[in-house]
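# Architecture at a glance
Each chain, letter by letter, is given below.
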Amino acid sequence: AGLNLGERKAKAEKMFGLMDVFLKNDAVSLQKDILDHVEFTVARSRFNFDDFEAYQALAHSVRDRLIERWHDTHQYFKKKDPKRLYFLSLEFLMGRSLTNSVINLGIQDQYADALSQLGFDYEVLAEQEGDAALGNGGLARLAACQMDSLATLDYPAWGYGLRYQYGLFRQIIVDGFQHEQPDFWLNFGNPWEIERVHVSYPVKFYGTVEEEVLNGKTCRVWIPAESVEAVAYDNPIPGYGTRNAINLRLWAAKPSDQYDMESYTTGDYINAIVNRQKAETISNVLYPDDRSYQGKELRLKQQYFFVSASLQDIIRRFKDLHNNFDEFPEKVALQINDTHPSIAIAEVMRVLVDEEHLDWSKAWGIACKIFSVTIHAVQPEALEKVPIDLLGSVLPRHLEIIYEINYCLMEELKKILGQDYDKLSRMSIIEEGAVKCIRMANLSLACCHTVNGVSRLHLETLKTRVFKDFYELWPQKFQFKTNGVTQRRWIVVSNPSLCSIISKWLGTEAWIRNVDLIAGLREYAEDPDLHAEWKNMKKVNKMRLAEYIETLTSVKVSLDAMFDVQIKRIHEYKRQLLNILGIIHRYDCIKNMDESDKRRVVPRVCIIGGKAAPGYEVAKKIIKLCHVVADKVNIDPDVGDLLKVVFIPDYNVSVAELVIPGTDLSQHLSTAGHEASGTGCMKFLMNGSLLLATADGSAVEIAEEIGAANMFLFGAKVDEVPALREKGTSLKGSLQFARVVRMVRDGHFGFKDYFKSLCDTVEEGKDFYLLGSDFASYLEAQAAADRAFVDQEKWTQMSILSTAGSGKFSSDRTIEEYAEQSWGIEPCKCPF
Ligand code: Z57
């Protein structure tokens, strides 16, 4: 303040000259820092504190180191003023921060030393941390992996989202039924965030739009009726092997400090306070419905709230060093994660036209240069449609702007398409129907310079189905970036034994930043020494998993069995039901065997985990079915160790970190054409689990990388699906399938009435997800997996080749593609 542009630039330069490394990372300094935090931050005596308090102190000492790098990075960004990427997402599924941060900072050994001298075990303390679960599933975890890659690759990027007080619900299982409990994750404080009370912006809602004359020009002016304050909470994201730490800025809603004078003067003091407090509800709770858009007012308010605050922040930062919006696209790239933040397009137009007084066409030109979007959905139902009445009431000016955008779009389209009214109405941002709606996807398509799919197959689906009309018009906008996951969390943090094996055999740790090198393992895929180490690694991880299973479910499992895992959100299209019906088939076979046949059976532990959206009845029945089958199978003396069925409750990021390394075979069963990409499969692949999968989403590309012979592919291909839906099930499959469905129907596992409607969903003629027609092929793939498992050398070789072929599926590769092809940003590496 008070300084002009030149002076501000000079100041930034000077401050940067003062940079130095403050905090020392030797064991003695770390110990002192931890004890200081015990004494003064946690306020416990340094002679008497428990594991949780030690975790808190430890976390605070890590936080100090994060803050130091965070400051230096941002000072450096400010000096260089590169084009920045702003990643807008309503969900980030970060999981735990401690181990990931310590590894990325490169000081794990020092911390472990420091703690053991204090009499604490680093790993035990790490287990004290709860998950940050501000997201539902794949989309949200992808955003978290991408933040890790953005930091590691030194990109000048910011994440923006919402700081929900309640993350995704905790799943508890009572008598085999899912119940939801609130996840009040902030109860014990959150050392990973920094509250920025001075970084706050008012966000407006409701009200009316009026006409005003300004400098002889008539303008539309929004007179809002409600104002809520957005306060920033910063979460530093450290890169691996770099000094850079970027920022994930999450907004919390607080009552605005503009007093509602009227209520005060009328004397209704208590009610005035109560009403102000309601503002906070905006950031209270994450919507737990993965992909079904309900058209709820609160959800729309959440979207606009975080978008508006983020844009005010971004524009303030831009104006700090620039005064001409022509330069905006050279400095700013905005990425919209799915359509959830797409109201940002209307908001940018509102700010540029109403507040910055740019011409409409100039403003639109700028908007079209800064936005890119990634679509994660396949099904048209997942695309958000906001009822006009709702939008008009909450954001009246934005509704006008969207009408205007649509008017321009329709004029442009008419010039190209002529009078093709069917097509025009399909492409319109406004959907005329019983309930008139805004199609948020069409708004994004009209504005964004790039529209990305998340796998090659997914982009094909978008081009030929959901967005066909737009693709024909603007083919150059459509791209895909196959998803990826970060090897830092999914190998280095979660599978330390594998991490050391890889580094040892490659003779370098460089793969942690450049995962392509992992292909170097191929050379040793048949080496008996590597096989021995590899099998030992699996065994250690299976032991950990077995212990966890026993503690949670009291089921004892044999380490010689194949650990077969399907963990992901419960959805009909992901076909957990196919898995369970396959298990019932296996059980039925074992029951009908004599002792000599049984000796040839490959023992299995079938593990399923995942949450069902609270209102998704079919998904909840699938969870219950899993439990009743487990109850019967697990105590059947005819079966013993040949088959165990386990449902792991409350699946989340940290559970995944435990389960994935201990998995022999993982299942990805979506009906072809329904999983946009899938990212769980990539984590399993990196950890050397073999994949049993349909030719869907990223599995197609995985097969190309590791060779189809190294996985178990099955089921209908995308282009066969429509005909199969018409035609129905083949005979052979249908007999076995009918038999297992009948067992459930007849109450073989109890709860006959309860499961009737579930069985109905897969009856001949109603079986939309084609469980019946894929069943025979599924069983064949399972049999192939059994045969491969018998030959442990072969299996280990396939496992090594899986890890070795996983390089492409690093989010580092994905992010580099985005940076080059969609965002136009370059690395900005902080020195020291
Ligand atoms: C979500 O997790 C995904 C798509 C959605 O439309 C919504 Br809403 C939530 C998932 C896809 O289902 C996965 O296939 C994909 O891998 C993931 O997003 C990340 O792109």
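Preceding this section is the structure that the text describes.
What you see is a predicted model, and the numbers here were worked out from it, not measured in a lab. (Residues numbered from 1 in each chain as written. Predicted model: local features only at pLDDT ≥ 70, side-chain atom pairs only at ≥ 80, totals over all residues. Heavy atoms only, no water.)

## Regarding the pattern of salt bridges
All told, the structure shown has 61 salt bridges when counted by the stated rule. Here Asp320 makes a salt bridge to Lys78, at a shortest N to O gap of 3.4 Å. Of this pair, Asp320 sits in helix α10 (residues 297-321) while Lys78 sits in helix α3 (residues 51-80), and the two are 242 residues apart along the sequence. Measuring nitrogen to oxygen at the nearest pair gives 2.8 Å for the salt bridge that ties Arg163 to Glu193. Taken as a pair, Arg163 in the loop between β4 (157-162) and β5 (170-174) and Glu193 in the loop between β6 (177-181) and β7 (194-205) lie far apart in primary sequence, 30 residues in all. The exposure classification of Arg163 matches that of Glu193, with both residues buried. Look at the salt bridges and you will find they share partners, linking Arg196, Asp234, Arg249, Asp313, Arg316 and Arg317 into a network. (Salt bridge = Lys/Arg side-chain N within 4 Å of Asp/Glu carboxyl O. Helix = DSSP H or I, 4+ residues; strand = E, 2+ residues; numbered from the N terminus. Buried < 20%, exposed > 50% of the residue type's maximum accessible area, 1.4 Å probe, protein only.)

## Points about unusual backbone geometry
Even without glycine at this site, Tyr206 takes up a positive phi of about 60 degrees. Within the fold, Tyr206 resides in the loop between β7 and β8 (208-214). Positive phi, close to 60 degrees, is recorded for Ser554, a residue that is not glycine. Assignment of secondary structure puts Ser554 in the loop between α22 (528-553) and β19 (562-567). Owing to a relative accessible area of 61%, Ser554 belongs among the exposed residues under this scheme.

## Things to note about the nonpolar core
If you look at the biggest cluster of nonpolar residues, it comprises 183 residues, and the most contacted ones within it are Phe205, Trp251, Phe305, Leu334 and Phe371. Counting residues per element, this core draws most heavily on α10, which supplies 10 residues. Contacts of Phe371, omitting those with residues within four sequence positions, involve Leu334, Ile336, Ala344, Ile345, Val348, Cys447, Cys448, His449 and Thr450. Ranked by size, the runner-up nonpolar core spans 59 residues in total, among them Met562, Leu642, Phe737 and Tyr778. (Core = buried A, V, L, I, M, F, W, Y, C linked by side-chain atoms within 4.5 Å. Contact = heavy atoms within 4.5 Å.)

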